[in-house]
Every structure is written in C-alpha cells, then in structure tokens.
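# Observations on the model geometry
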Number of protein chains: 2
Amino acid sequence: MDKIIDVLIANNELKAKAFLDEIDGKNPLFILTIATTETGKISGISAAGKYPEFTDYTPPADAELVLLGKCKSIVGVPVTPDGIPTPALITMSALRLADIPVLIASGGLKIKPQIPFLDLGGSPGRDIRTGSAVDNVAEVIERGKIAGVNLAQAVDYLVIGESIPGGTTTALGVLSALGVSAQGKVSSTLPENPHDLKCKTVNAGLAAAGESIGSLAQDPVKAISCVGDPMMAAFSGLVIGAASQVPVLLAGGTQMSAILAIVNALNPDVLCNVAVGTTRWVAHDKSSDLKGIITQFCDVPILAADLNFELSRFPGLRIYETGLVKEGVGAGGASIAAMAKLGGAVTKDLLLKEIERNYALLMGLK
Amino acid sequence: MDKIIDVLIANNELKAKAFLDEIDGKNPLFILTIATTETGKISGISAAGKYPEFTDYTPPADAELVLLGKCKSIVGVPVTPDGIPTPALITMSALRLADIPVLIASGGLKIKPQIPFLDLGGSPGRDIRTGSAVDNVAEVIERGKIAGVNLAQAVDYLVIGESIPGGTTTALGVLSALGVSAQGKVSSTLPENPHDLKCKTVNAGLAAAGESIGSLAQDPVKAISCVGDPMMAAFSGLVIGAASQVPVLLAGGTQMSAILAIVNALNPDVLCNVAVGTTRWVAHDKSSDLKGIITQFCDVPILAADLNFELSRFPGLRIYETGLVKEGVGAGGASIAAMAKLGGAVTKDLLLKEIERNYALLMGLK
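Residues numbered from 1 in each chain as written. Chains lettered and ligands numbered in written order. Predicted model: local features only at pLDDT ≥ 70, side-chain atom pairs only at ≥ 80, totals over all residues. Heavy atoms only, no water.

Attention shifts here to the overall build of chain A. When its secondary structure is counted, chain A shows 14 helices and 8 strands. In terms of principal-axis extent, the alpha carbons of chain A reach across some 55 × 40 × 40 Å. Here the analysis covers contacts within chain A between residues at least 6 apart in sequence; of these, 80% occur between residues at least 24 apart. With the model as given, the accessible surface of chain A reaches about 11900 Å², and the carbon-plus-sulfur share is 51%. In chain A, 30 side chains carry a positive charge and 36 a negative one; their mean positions are 4 Å apart. (Helix = DSSP H or I, 4+ residues; strand = E, 2+ residues; numbered from the N terminus. Contact = heavy atoms within 4.5 Å. Areas by Shrake-Rupley, 256 points an atom, 1.4 Å probe, with all protein chains shown as cover. Lys, Arg positive; Asp, Glu negative; His and termini not counted. Charge placed at Lys NZ, Arg CZ, Asp CG, Glu CD.)

For the rest of this paragraph, the subject is the relation of the copies chain B and chain A. With an axial shift of 0.0 Å and an RMSD of 0.0 Å, the rotation relating chain B to chain A amounts to 180°. With respect to symmetry, the two chain copies, as superposed, fit the operation of a two-fold axis. Closest approach to the rotation axis among the C-alpha atoms of chain B is made by Leu118(B), whose C-alpha sits 2.1 Å away. Here 100% of the contact residues of chain B are again contact residues in chain A; the copies associate through an equivalent surface. (Least-squares fit on C-alpha atoms with pLDDT ≥ 70 in both.)

With that settled, consider the environment of Val202(B). All names here are of chain B. As for its placement among the helices and strands, Val202 is situated in helix 6 (residues 195-208). Along the backbone, Val202 and Ile42 are 160 residues apart, and their C-alpha atoms lie at a distance of 12 Å. In contact with Val202, other than residues within four places in its own chain, are Ile128, Thr169, Leu172, Gly173 and Ser176.

Before going further, it helps to examine the interface of chain B and chain A. Interfaces are often described in size by the accessible area the parts lose on coming together. Counting from both sides, the interface comprises 25 residues of chain B and, opposite them, 25 residues of chain A. In total, about 2100 Å² of surface goes out of reach between chain B and chain A, with carbon and sulfur atoms giving 59% of it. Remark: the boundary between chain B and chain A carries 2 salt bridges. For Glu139(B), the salt bridge is made with Lys72(A), and the minimal N-O distance between the two is 3.0 Å. (Buried area = accessible area lost by both parts, 1.4 Å probe. Salt bridge = Lys/Arg side-chain N within 4 Å of Asp/Glu carboxyl O.)

Residue and element names in this part refer to chain B. As a packed pair, helix 2 (residues 58-68) and helix 3 (residues 88-97) sit with axes 8 Å apart at the nearest point and diverge in direction by 20°. Classified by the angle between their axes, helix 2 and helix 3 sit roughly parallel to one another. Where helix 2 crosses over helix 3, the two elements pack in a sense that is right-handed. Where helix 2 abuts helix 3, its residues Asp62, Leu65, Val66, Leu67 and Leu68 lie against Ala88, Leu89, Thr91, Met92, Leu95 and Arg96. Classifying every residue of the contact of helix 2 with helix 3 by side-chain character gives 8 nonpolar, 1 polar and 2 charged. (Axes fitted to C-alpha atoms, helices over the stretch in contact; angles between N-to-C directions. Parallel < 35°, antiparallel > 145°, perpendicular 65-115°, else oblique. Left-handed = near helix turned anticlockwise from the far one by under 90°. Nonpolar A, V, L, I, M, F, W, Y, C, P; charged D, E, K, R; others polar.)

Residue and element names in this part refer to chain A. As a packed pair, helix 8 (residues 230-243) and helix 9 (residues 255-266) sit with axes 10 Å apart at the nearest point and diverge in direction by 60°. By the angle between their directions, the pair helix 8 and helix 9 is classed as oblique. Read as a crossing pair, helix 8 and helix 9 show a hand that is right-handed. Residues Met231, Met232, Phe235, Ser236, Val239 and Ile240 of helix 8 lie in contact with helix 9, whose contacting residues are Gln255, Met256, Ala258, Ile259, Ile262, Val263 and Leu266. Residues that form the contact of helix 8 with helix 9 fall into these classes: 11 nonpolar, 2 polar and no charged.

Next up on the list: the state of the cysteines. Between two cysteines, a covalent bond joining their sulfur atoms is known as a disulfide. All names here are of chain A. Going through the model one piece at a time under the given rule, you end up with 0 disulfides over all chains. Cysteine Cys298 shares no disulfide, and the gap to the nearest cysteine sulfur, in Cys272, comes to 11 Å. Take Cys298: its relative accessible area is 13%, and that puts it in the buried class. (Disulfide = S-S within 2.5 Å. Buried < 20%, exposed > 50% of the residue type's maximum accessible area, 1.4 Å probe, protein only.)

Inspection of every chain in the model, using the stated rule, returns 10 aromatic pairs over all chains. Consider the rings of Tyr51(A) and Phe54(A), whose centres lie 5.1 Å apart with planes at 85°: the pair is edge-to-face. Judged by relative accessible area, which is 45%, Tyr51(A) ranks as partly exposed. Note on Phe309(B) and Tyr320(B): the rings are 5.4 Å apart at their centroids and 65° apart in plane angle, and the pair reads as edge-to-face. Taken together, the residues Phe309(B) in the loop between strand 8 (302-305) and helix 12 (315-318) and Tyr320(B) in the loop between helix 12 and helix 13 (331-342) connect sequence positions 11 residues apart. Grouping aromatic residues by their ring pairs yields a cluster made of Trp281(A), Phe309(A) and Tyr320(A). (Phe/Tyr/Trp six-rings, centres within 6.5 Å; stacked < 30°, edge-to-face > 60°.)

Let's shift gears to the nonpolar core. Ranked by internal contacts, the top residues of the largest apolar core, which has 136 residues, are Val239(A), Leu250(A), Val239(B) and Leu250(B). If we skip the residues at most four places from it in the chain, Leu250(B) touches Ile160(B), Phe235(B), Val239(B), Met256(B), Ile259(B), Leu260(B), Val274(B), Ala275(B), Val276(B) and Gly277(B). (Core = buried A, V, L, I, M, F, W, Y, C linked by side-chain atoms within 4.5 Å.)

With that settled, the discussion passes to the pattern of salt bridges. Residue and element names in this part refer to chain A. The tally for this structure, following the rule as stated, stands at 29 salt bridges over all chains. Here Glu38 makes a salt bridge to Lys110, at a shortest N to O gap of 3.1 Å. With Glu38 in the loop between strand 2 (28-35) and helix 2 (58-68) and Lys110 in the loop between strand 3 (102-108) and strand 4 (117-119), this pair connects stretches of sequence that are 72 residues apart. Look at Lys110 and you get partly exposed, because its relative accessible area is 44%. Taken together, the shared-partner salt bridges in this structure form one network comprising Glu38, Lys41, Asp56 and Lys110.

Within the fold, Pro52(A) resides in the loop between strand 2 and helix 2. Placed 17 residues apart in sequence, Pro52(A) and Ala35(A) show a C-alpha to C-alpha distance of 15 Å.

Take it as geometry only, folks, not as evidence of what the structure does.
Rendered as structure tokens:
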C-alpha cells in the first residue's frame, strides 16, 4: 500500500487506506459520463468553454481527448475564457501512462462526440430555473444500473468521472432539494467562485418547481428532474449497478457529493464500496468544502491526487496552482487509478512530465 | 482442456484446441452487434421476424432479451413466421448460466433498443439492390476499432455475436464483391434456403454499383458500402481493435465468413487470435458450407457448440433439429464461452434445461 505515495487522504483515513489497498495493482475501467445542460450557459456560471455557447462542445471534446488523445469536435482543446486548458489533459495523460481503458457514457447531449459512446437514453438538460431540468430520469438511472452491473462483472473496479459545464450549480440544486447544506460549499472552475449566482439560480429552480430546500429528501429522482442535470442520472445508475459488486472510485470534486447524496437516498448499502477520488486543489480549496458536504450524510473516504504544477515550465499549467479549474473530467481519480495500477512507477513528477508533453503537443508549443 | 466436453471442432483441429485452451476458465465480455437493413424486408429473404416489417424490431428485441432476460420493444420474443423463438433465447440462457457480462453495440438501427447500447456512429442500411447499402463505413470501422482496443484492455477475451435480419444475403454480397465463392454456401433461418433469391439480390446490387464478382477484392470498405450491411462495419472494427491484444470468438454462422473476409482484407495479422464459434446445426448443415467459404482465404478454427434439442419437451425447441433457425444472436459462441468459463459445470444437457426453463417462462408455458 505504501507504494502509492502521491495520494493524500482528506476524509476517513482508515477506510481510505483500505480502499487504496483494495485497488492496489488492479486494472480498472475508466468511464467518462458526459452530458449538457442549458444551466451551463447562464452568464457567469461556468468556465468550461471559451464562451457560453461553446459549452455544448466541451463534453464531447473532453471525451474525444480522453479516448483518442485529441479532439475531433473542436479545433485544439477546450479552454476556459482565460485560455486555461481542460483538465481532460490530466486525465488523458494519467490513463495513457498506466494503459487504463476508457468507455464514454452519455447522459444526454446536444452535440454527439465523434467516437464510440454508451447511449443511456437521456436528453440534454434544460436550465434549472425552469424547475423542469431533466427528462426520463428514472429510466436513465435504470439503464445506467444495467450497464454498471455488466461492466462490473467484466473488470476489477470502476473509476467514473464527468464532464458537464454548469455541473456545480446543478449539484448545489440537487443537494439543496435533498436537504444537504451546500450553499457556499460547491467548487468552481472560475477565479472567483460565484456562490451568490449559483444560489439564486438554484432558488429560482426550486421555486419554479414548487419545491423548497429539503422538500425532495425522499425523492432523488424528482430532485434531478427539477433542478439537476442528465449526467447525474447516468452516473448514479452506473454507481448503483457496479458498486454492489466491485469498488467504485467517484472521480471528481464537489459534484461527487451530489452523486453520493443521490445514491445514499436510492441505495445506501452500496456506499461501503465507494470512495471519492479528487485533486489536492479541491481537497485544499478554501472557497469550497467537499468534506463538509459529504460528512453530513455519509462517511465515504476522500482521496486526493497530490498533483502540483508549481514547477511546471508552462504558465498555462502553473496557473492551476492559483486555484483555477482545480478538477474535472475525472482528473484526480484517473491520476489515483494510474498510481494504484502501477504502484511507485507513476509518481506526481512523472505524471507532470507526461502532462507537459501532451500539453506541448496539443498546444503546438515546444 | 478435456473439461470442455460439448464443443465440436469443424476446422483446424490443432488451432481450435489451442484456442479452447486459451479461453479455458477465462472471463469474457459478450458483445452483441445489432443493426438493420432494408435488405431483410425483401419478400422471402429472412425469417427473423413474423412479417418483413417486424424485422426492424428484431435486433433491438434480441438485444433486450440477451441483456435483460426479456424484451421491451415488443411483446413476447422475436419469432419466425412459423412461430419458432429467436436463438437469443439460447444466448441469454448460456450467458446467465455462466454470469458472462453483456454489452450491446449498434452498427445502425431503425428502432433503438430500450437499454444501454454502444453507439458507433452508423445508420440503418439500405436494400443492397440499390448498390449503395451502407453510409459512413470507414468511420464506423474506425470507431469499432477504438472501442475494441479499449474493451480488450479491460477483459480476458471477447465473444462477438450479431443480430441483423437479412444478414446472410448481405454476407453473400460482400463475399462475392471480395471474390470469395459463397453462392449456395450461406446459411438460412428458413426451412428452404432461398439460394437463388439471395444470388439474384446480390447480382442486382453489384450491377447497380457498377461492380462485379471479385472486383472489390482490394476494397472491403467499398464492398460493405455497396452490398453489405451496417453490422459488418461495427463488427469488423471491434474484431480488428480487440484481436491484436486478446482472443476473439466470432459467434455466428456463415455471416462470420464475411466478417473474416473483411478483416482478412483490412488487417490479416489479427486472424491468428480469432476463432469462429457456431452451433452443431450450422456445422452439420447440408444447405450451407461455412468451412468451404472460410478455407478459401484463411484457416481460422471453427468450434461448434454440440447443442441438441431432440429430446426437448417443447415442440418449439425440437424444431431446431429439423434445420430451422440454426444459429444467430451469437447462440453458438455464447454456449461455448459458458462451457469454457465453467468447464464441466456447463454441459449441453444443463444448457438445454436452462433454455427450456426460460422458454417456458417467456412463452407462458408450463
């Protein structure tokens, strides 16, 4: 176990170590769950795309980058309005270093990726301020479950990540509907976390749906339908289907707390087989509080890849140390899985070298 | 090896035994590749559906039966015009006996299945008499390849089957275009194999495309585009992607010879990792000649599950012994994989009992 050196533990040390022990040397499948929601286009909500209209292309482009090593749906790679590259770059580098296979799953997309993807029967999400954000939630969860059961029979364990612009706002929406206190605690890709805007957006959605904070604590399917996003339905279904058989690493930041809250409300038994895998940037973030959300309703371990770009030769990567982007596209969980698969052979230093190499290649730098 | 008792060898005994040795005790993933083609609606061509119009529903319904144990897109299960149940019943029974996981892959469908499925970017096929049967073939092959590479990294080996009404006619089309002599040698679900009708259909397609027998020997992508079907593109891509890393069992009858001919023309190196897995009904069929097609261009081993329904208590199953249906939906390969995974624990007798149990359940019999 002590071979996996560059992983920090941010919650439940005992179970976290047991989880790391269990995945040590194992061969996972990485599933990237992608979807779009109009919520991501609200001005000032998301930085997962150069302009709000571009956010429809971010999930398919992220998926292409992770699976192929390059994007097909856009030129270059997804960037924030400041030009910071997508964390899919970290994910792709980690998975390729450790030869970890990838499957893309769609929860509902406006733009389809130009690669193979698992269709789970969902549609793109609407703006949560309508109070009617996602269609067909129960069926998408059910299909996710079936896929999760079958994939878990085939592999050692699963790492599941997400790409959906606007996802922390919909996470706040579902957490609020379920009665979990998350205001001011969800993370952001942006330099200044727009907590007030997210809060207003969620309150407008709950009001439009005729719901209030905590009113849907017993009905997570309705919580997603009213103020969630299509990624959540697909992701939760996959977790419930798989985690009854194999360990599942939820690869992401504060959005994972919404997935945990949904799974906790639908099928709490499987949480004993689940851990969150994130980055140091999320674990140490002062403007959000992943642990503070999760420990309200469960004690799932939180692992954090000890990524550090301080000494990178590229300004575009060093900027991650200022607290921008932080996580996404399963970057932290993919890094942990790569380290766990190959033990000491994959360190944070080696990983940074590989990320720099891919960054230079993709950005046309030297 | 001698533990796997109920498998016959129909070609290349040495390599067949080596292949069985290699998959002995291993945990495969079963992929069912589904698609539709208007060719299946030509009167008298296919029995994979009660009426020609129903053939659009047969592949999704087969997929649902294999993955869920019941159909969602139709009431009951797919049957031939004579009421004989789909061979998906055999596949499902074998896979469930041995806890073998399933993934559905679409090559192009008119009706989408109500379950998770891998979208490979294809469209439904046109009647091959147009000479322009399938769109986007190169891209679907490429996406199949990417999926095959990733799935092979995750599992011990792959078993790949198909469901597409009209598939032996399109198989004859592609084999003819590639210069493989297959007239009078492809199999049929029907009591009387309509060799002349298939031949006329293929000749009309080749003429419409401005091609002739053997004229596309160097261009398998164009052969599929002109006179093939969308299943072939997806299936061939999966084989090429996976078989460079792990064994791949092609689960089917004479349609598998078309897949082999395509793979042989695109990437012959991977054929050393491939075997065909079919049923005794195909291996012993007097109205078709799987071995006679394949051995014209390669020496891939042929395995046949020694299924025998002679002593079944159900007339609907005993009728398989008269030569109807014979194979499909990967029935033979799934049976071989179940026997290989659990050694002597899965015999043809146990398998028949399980098939009878599921048949009675699904048909409402006692």
